[in-house]
Amino acid sequence: MLQLQNIEKVYRTDTVETLALRNINLQVDKGEFLSIMGPSGCGKSTLLNLMGLLDEPSKGKVVVDGKSTERLSDKQMAHFRNQSFGFIFQSYHLINDLKVLDNTELPLLYRSSASGQRKKLATEALEKVGLANRANHLPSQLSGGQKQRVAIARAIVGKPSIILADEPTGNLDSTMGHEIMDILLHLNQNEGTTIVMVTHDETMARRTHRLVRLFDGSQVQ
Amino acid sequence: MLRNYIKITLAVLWRNKFFTFISLFGISLTLATLMVATSLADHTISPQYPELNRDRILYITGIKLYNTQKGEFNAGGLSPYFCNHYLASLKTQEAYGFGRNGDPINTYLNNKKIALVSGFTDEGFWKVMSFHFLEGKPYSKADISNAEKVVVISEKARDDYYGTAATALGKDIVLGDDHYRVIGVVQSNPPLNNYTSADVYFPYTLAKEDWNNQDPRGSYRAFILAPSKAAVSTVQDEFYSMAAKIPLPDKDYDYQFIGADTYLTSFVRAVFNKGNVPSKTGGTRNSTGMTRFFLIIGGLIFLFMLLPTISLININITRILERSSEIGVRKSFGASSRTLVYQFIIENIILTMLGGVIGIVLTLIVLHFLNASGWIEDVQLDFNIRVLTYSLLFCLLFGLLSGVYPAWRMSRMQIIEALKA
Ligand SMILES: Nc1ncnc2c1ncn2[C@@H]1O[C@H](COP(=O)(O)OP(=O)(O)OP(=O)(O)O)[C@@H](O)[C@H]1O
Ligand SMILES: [Mg+2]
């Protein structure tokens, strides 16, 4: 489903070069729920961003559904992101000017689907995370947990093959955190969605199928 | 999609009320200024009383004589002989007329001086122009040949001389040192009508000049009325082939040019093509200066819009940076750079269109006050479809100019950077 081959990522600034990832080889299978752990700064987010084509590796390649994503045009990359991935960010990243429903339907805007259809799918996605009754609220009117649930609805609305979640529970208390985790597990078990999740929380990681540990840019487990 | 763009645009505008106010203020002021200018320009070149047939009148404003060896030229008006002899021969025209105007002439009422502007015309002038006669009629061909001391006066002259709305027909008027009989009163012809405006029109045979001289040079302008708008160029063709055969009046010159132009072109030629020798082979219409005119007008509009555009670009860039997280999110979920460029350009066009609507309201107010103040004598400016079309074009141009660069810049933002900011 998703393969990382000999990935290396170097961040270059004017003065320093940071080797954020080195020699990463990783395969994510269909239907898997994978968690990534490691100390702060070890490259977890970098790894997740590379998986989701939000960033490009310095070396190596990312293969999605058997297709290499090297040297794709901006448009082709956008198409991949739109079709294959759903992102959940630690800080939610909802668009504050848009209502919950409009935030949720965002991925569908970049496909050819009619407005009515978009609204219908977005409402369904919101129902799955238990927020259909907040469809006309603005993000500022929601709690942290609710915002993250909107973010999940947005990530799943386009039925992507993989959900990439970067510390989705990082900003939430543990009850909220487990609620979010429940939703993700449910998606994984009942809808077969492949999920890769970065977390700092051992108890969350234990609830997933497989754990990958990073240390200083290298995979240690 | 467009609905979504409008939604987010309005939300963003509403959120940054201060920014919105400043932008809309600048945009609407800029556009209103352009719209008022457009309305003025439109008024100047579109058919106006009494030149209601302006779109099928050819204006022959003068003759130019060139000495191509020395690079000298001499420009002046036309003689009555030229008009009666040469213009009369044109078969494709409906009518022709000629006249000159602008010299002051005084009259006295109870020892109080009334300053008037005189005009001298032939009888054809009244056929080509569409004067509205409040009383009486124009002078006839017979009046002209007999040099009858008759005049057609404007409503304004009548009101000044005889009293408001008094009848003047058949009455005596003293102009300069002579007595004349009023045979017609016309609705006043505004001074903006450079070629035809006057308060008192005399038969040209009353002018103190030798109007039988066969030299084409004189002080008159001629007007040819084509039977239809479509026929204008046919008449023009006939005119030019006729004009090519007119002998040079003066051996100091080796080339002459007499242009028969549409209204706008006649001005442009006078202003922008003063000294150019028209090419003898390339025909006679290729040297009107129209290209230069449009370039200069375009350049002026560009300069005028430059400053507001730059400031709007600046505001836009700041505004877009504030939205970098949104850009990151949209890209993460599949917006291509190009899609985002479109989004931001459309947003900016929506903004400028809003500014345009306010600008139109401002323009209507300004025009109302301009008209009410009588700042330009006898002129009523209006905001017609043409002006509206141009105004919307200006809005669009403005929106594009100020939107493209910021949109392009923001679309190039790296997703990761955008999300971090
Ligand atoms: N844009 C960047 N420019 C330079 N260095 C960067 C950049 N982004 C990340 N890094 C560096 O790369 C390394 C890995 O960063 P990354 O964000 O992947 O860590 P992380 O494991 O997600 O940490 P955290 O748990 O704190 O989120 C760090 O040393 C970081 O300083
Ligand atoms: Mg991180």
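This text goes with the structure placed above it.
The notes below deal with the structure included here. Computed from a predicted model, the values in this text were never measured in an experiment.

1. Some points on the environment of Glu 124 of chain A
Residues and elements named next belong to chain A.
Then comes step 1: Mapping Glu 124 onto the fold places it in helix α5 (residues 115-128).
Then comes step 2: You can call Glu 124 partly exposed: its relative accessible area is 31%.
Then comes step 3: C-alpha separation for the pair Glu 124 and Ala 153, spaced 29 residues apart in sequence, amounts to 8.6 Å.

2. Some remarks on the sheet that holds strand β3 (residues 33-37) of chain A
Residue and element names in this part refer to chain A.
Then comes step 1: The mixed open sheet is built from 6 strands, whose spatial order is β6-β7-β8-β3-β9-β10. Every interior strand has two partners, whereas the edge strands, β6 (85-88) and β10 (218-219), have only one.
Then comes step 2: Examined bridge by bridge, β3 and strand β9 (residues 210-215) share 4 bridges and lie parallel to one another. Across the sheet, residue Met 37 finds its bridge partner in β9, namely Arg 213.
Then comes step 3: Contacts from helix α6 (residues 144-156) reach β6 and β7 (162-166), with the element oriented near 170 degrees to β6.

3. Focus: the sheet that holds strand β1 (residues 2-12) of chain A
Residue and element names in this part refer to chain A.
Then comes step 1: Taken in spatial order, the 4 strands make up an open sheet running β2-β1-β4-β5, and their pairing is antiparallel. If you trace the sheet from one side to the other, it starts and ends with β2 (17-28) and β5 (67-68), each paired once.
Then comes step 2: Relative to strand β4 (residues 59-64), β1 runs antiparallel, the two being bridged by 5 bridges. Each bridged residue has a counterpart across the sheet, and for Gln 3 the counterpart in β4 is Val 63.

4. Examining the site of ligand 1
Then comes step 1: Neighbouring ligand 1 are 14 residues; Ser 40, Gly 41, Lys 44, Ser 45 and Thr 46 of chain A lie closest to it.
Then comes step 2: The residues that come close to ligand 1 belong to more than one chain, namely chains A and B.
Then comes step 3: Lys 44 of chain A places a side-chain nitrogen or oxygen 2.7 Å from an oxygen atom of ligand 1.
Then comes step 4: In the complex, the protein chains occlude 70% of the 630 Å² of accessible area that ligand 1 would expose alone.
Then comes step 5: Given that more than half its atoms are within 2 Å of the pocket grid, ligand 1 belongs to the second largest pocket.
Then comes step 6: Listed by contribution, the elements that provide at least two residues to the shell around ligand 1 are β2 and α1 (44-51) of chain A together with α13 (415-420) of chain B.
Then comes step 7: Take the shell around ligand 1: its biggest share by element is 3 residues, from α1 of chain A.
Then comes step 8: Partitioned by chemical class, the residues of the shell around ligand 1 number 3 nonpolar, 7 polar and 4 charged.

Reading the values: the criteria
- Residues numbered from 1 in each chain as written.
- Chains lettered and ligands numbered in written order.
- Predicted model: local features only at pLDDT ≥ 70, side-chain atom pairs only at ≥ 80, totals over all residues.
- Heavy atoms only, no water.
- Helix = DSSP H or I, 4+ residues; strand = E, 2+ residues; numbered from the N terminus.
- Buried < 20%, exposed > 50% of the residue type's maximum accessible area, 1.4 Å probe, protein only.
- Pairing = 2+ DSSP bridges.
- Contact = heavy atoms within 4.5 Å.
- Axes fitted to C-alpha atoms, helices over the stretch in contact; angles between N-to-C directions.
- Near = heavy atom within 4 Å.
- Polar contact = N/O pair within 3.5 Å; in protein donor to acceptor, adjacent residues only side chain to side chain.
- Areas by Shrake-Rupley, 256 points an atom, 1.4 Å probe, with all protein chains shown as cover.
- 1 Å grid on protein atoms, 1.4 Å probe; cavity = no way out; pocket = protein on both sides within 12 Å on 5 of 7 lines; lining within 4 Å.
- Sits in = over half its atoms within 2 Å of the grid points.
- Nonpolar A, V, L, I, M, F, W, Y, C, P; charged D, E, K, R; others polar.

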